[in-house]
Amino acid sequence: MNQPHVIGLETEFGVMPASPVESRFSSPALAVATAKAVRAWQSTLRPDGRAIAWDWAGENPLQDLRGTHLERASAHPSLLTDDPHAFAPSGDTDRPVEGTAVDRGELGDLSSPMMTNVVMTNGGRFYVDHAHPEYSSPEVLTSLEAVTWDVAGEHLARVAMERAAKMGHDVLLYKNNTDSKGSSYGSHENYQVARAIPFETLRDYLVPFLATRPVICGAGRVGLGQKSEKPGFQISQRADFIADLVGLQTTFNRPIVNTRDEPHAGSQWRRFHVINGDANRFQGSILAKVASTRAWLAALEIATKYCREFPLQGLFFTSDPVEAVWQISRDIDFETKLPCNDGRERSSVAWQLEAAERTGEFLAEFPETELADEALKDVATWIETAKMLNGGEAEGRVEWVAKRALLAKLASRLRGGWEDPKLAALDIQWADLRKGHSPVDKLQGYLEEVVGRCAVIIATVEPPDSTRATVRGQAVKSRKDLIAASWDSLVVDDSGQWRRLTLGEPAATLALTAGGARS
């Protein structure tokens, strides 16, 4: 429990046709066309021109952190992420076993255009999820790396659009979370945490933290309500779609705390799956989002390990947290007061600043642990961001602040104010990933640059060197016998017999050999 833990970010891109001619295609068809383009782009990185498929074994999206398991017959179809095209095994599966034989039927027809699950040379994954192209970054060990490989997904999307256009499909990809017409698509985060932390502890501490976190990293949104029923501006794109406290679901009645128990690691770990965050265009906001969450989870883990109390129960809400999520998102001037267990009321930014400072004080008591050392770097970013907000100096880091400032100036010049459709259109344009089309591109000189352009482009094709993503990415690039891969495994062709090789723990780096993956 002393080691820094891995992080992985996921982005479902908004997708739409670039021209009226393309509007005859459904959203799923557009997404498949885009993913096919990425598959073609990926295949150019291998000498043999093959794209590497996804290995579904070991995925179990119906296992719940609360100790229960949802039966497949009772599950909403959107939860069956291990079988999106009916090609995966029909039953739930355990983690892959080293050297086991693989039935070719498990991976489906790899030539099918629907098999758009591409494993990238950077160790990540690009695929179609609920009709949206989705990029999953490789596992990384630091918050800075998380920013690097997340932003690499934006570059990948631009390349995908270019490839799709050459194939006759002009599609546009957007890094946002809603079309403002009632649809929401996710930007998920994954944090490795020790299973020794009781679920109840995770839930109780994470609910108020995640409810208030958008104030330091929200992407901002024009419109109030899932379908923008009312005019106005709010902090979070995801807030209006949060409807439950805890739950396994990710596409309806979305919870503050998601309970999917699919660790892709050993039995001592959980993969805490955060689904209520925004997709960010600002590098500083991505950093604040990840760093604050890592610091918070590290403090919980250290408190569990050393049997110490993480003394922040006084910050727990006494009001309905789901309603607080909605209120906080609309509270752009920090006027809403959140009643807490200690009898005090705090605004969202005051809650975040106090939580950050007290987390830093707690972590400083454990300087001998590597986990605390890395977490103290994260908590410094967290504190700095909250202070920027308090001081009115956050426009270069916090995305919603900059977006609101720009749109408020425009709204003041428009006859309809915040009701003018030009504002909603500009909000969508903000997320446009085509180079030069988004206002974000025009703000680059004013924004905090966490990682440089060269590092981002390299991260599009190269894996991090600190996790098992290294061996996965290298295998995709160079192994002639590689058929498929996943977070846990490689599937190789061993003289005509397909075999599954395990990749070990997420933070492990492995030596890539001709014969397989070994520690």
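One can find the structure itself at the top, above this paragraph.
The structure presented is a predicted model; accordingly, all values stated were derived computationally and were not measured.

Conventions used here
Residues numbered from 1 in each chain as written. Predicted model: local features only at pLDDT ≥ 70, side-chain atom pairs only at ≥ 80, totals over all residues. Heavy atoms only, no water. Buried < 20%, exposed > 50% of the residue type's maximum accessible area, 1.4 Å probe, protein only. Helix = DSSP H or I, 4+ residues; strand = E, 2+ residues; numbered from the N terminus. Pairing = 2+ DSSP bridges. Axes fitted to C-alpha atoms, helices over the stretch in contact; angles between N-to-C directions. Parallel < 35°, antiparallel > 145°, perpendicular 65-115°, else oblique. Left-handed = near helix turned anticlockwise from the far one by under 90°. Contact = heavy atoms within 4.5 Å. Nonpolar A, V, L, I, M, F, W, Y, C, P; charged D, E, K, R; others polar. Polar contact = N/O pair within 3.5 Å; in protein donor to acceptor, adjacent residues only side chain to side chain. 1 Å grid on protein atoms, 1.4 Å probe; cavity = no way out; pocket = protein on both sides within 12 Å on 5 of 7 lines; lining within 4 Å. Points joined across faces, edges and corners; volume = space filled by probe spheres on them. Core = buried A, V, L, I, M, F, W, Y, C linked by side-chain atoms within 4.5 Å.

Caption draft 1: Representation of the pairing of strand E7 (residues 132-136). The buried count for E7 comes to five of five residues, which makes it a mostly enclosed element. The side-chain alternation of E7 yields two buried faces, one formed by His 132, Glu 134 and Ser 136 and the other by Pro 133 and Tyr 135. Looking at chain direction, strand E1 (residues 7-12) and E7 are connected through three bridges and run antiparallel. Counterpart to Thr 11 in the pairing with E7 is Tyr 135. Sheet topology note: the strand E6 (residues 125-129)/E7 ladder contains five bridges and is antiparallel. Within the sheet, the bridge partner assigned to Tyr 127 lies in E7 and is Glu 134.

Caption draft 2: Layout of the packing of helix H5 (residues 283-305) against helix H8 (residues 370-390). The contact between H5 and H8 brings their axes to 8 Å, and the two run at 135 degrees. On the basis of the axis angle, H5 is oblique to H8. The handedness of the crossing between H5 and H8 comes out as left-handed. Contacts between H5 and H8 pair Leu 287, Ala 288, Ala 291, Ser 292, Arg 294, Ala 295, Trp 296, Ala 298, Glu 301 and Ile 302 from the former with Leu 371, Ala 372, Glu 374, Ala 375, Asp 378, Val 379, Thr 381, Trp 382 and Thr 385 from the latter. Taken together, the residues of the contact of H5 with H8 sort by class into 12 nonpolar, three polar and four charged.

Caption draft 3: Focus on the side chain of Arg 294. Along the chain, Arg 294 falls in helix H5. One polar contact links the side chain of Arg 294 to the main-chain carbonyl oxygen of His 5, over a distance of 3.1 Å. Excluding residues that lie within four positions of it along the chain, Arg 294 makes contacts with His 5, Ile 7, Leu 141, Thr 142, Ser 143, Tyr 191, Glu 374 and Asp 378.

Caption draft 4: Just empty space enclosed by the protein, in detail. This model, assessed by the stated rule, comprises six cavities of 30 Å³ or more. Put simply, the largest cavity is a space of about 130 Å³. Here the lining of the largest cavity is built from residues that sort into nine nonpolar, two polar and four charged. Every residue along the wall of the second largest cavity is listed here: Leu 210, Arg 213, Pro 214, Cys 217, Gly 218, Ser 236, Asn 276, Gly 277, Asp 278 and Lys 289. Here the residues of the lining of the second largest cavity sort into three nonpolar, four polar and three charged.

Caption draft 5: Representation of the nonpolar core within the structure. Counting 110 residues, the largest nonpolar core has Leu 206, Val 257, Trp 296, Phe 310, Trp 382, Leu 389 and Trp 400 as the members making the most contacts within it. Ranked by size, the runner-up nonpolar core spans 14 residues in total, among them Val 119, Val 471, Ala 475 and Leu 503.

Caption draft 6: Highlighting the layout of surface pockets. Considering only enclosed or pocket space, the second largest pocket measures out at about 650 Å³ in volume. Lining the second largest pocket are 28 residues; nearest its centre among them are Glu 154, Arg 158, Arg 281, Asp 441 and Arg 453. Going through the elements one at a time, helix H2 (143-166), strand E8 (171-174), helix H11 (439-442) and helix H12 (453-461) are the ones with two or more residues in the lining of the second largest pocket. Broken down by element, the residue count for the lining of the second largest pocket peaks at seven residues, all from H2. In terms of residue class, the lining of the second largest pocket is built from 12 nonpolar, five polar and 11 charged.

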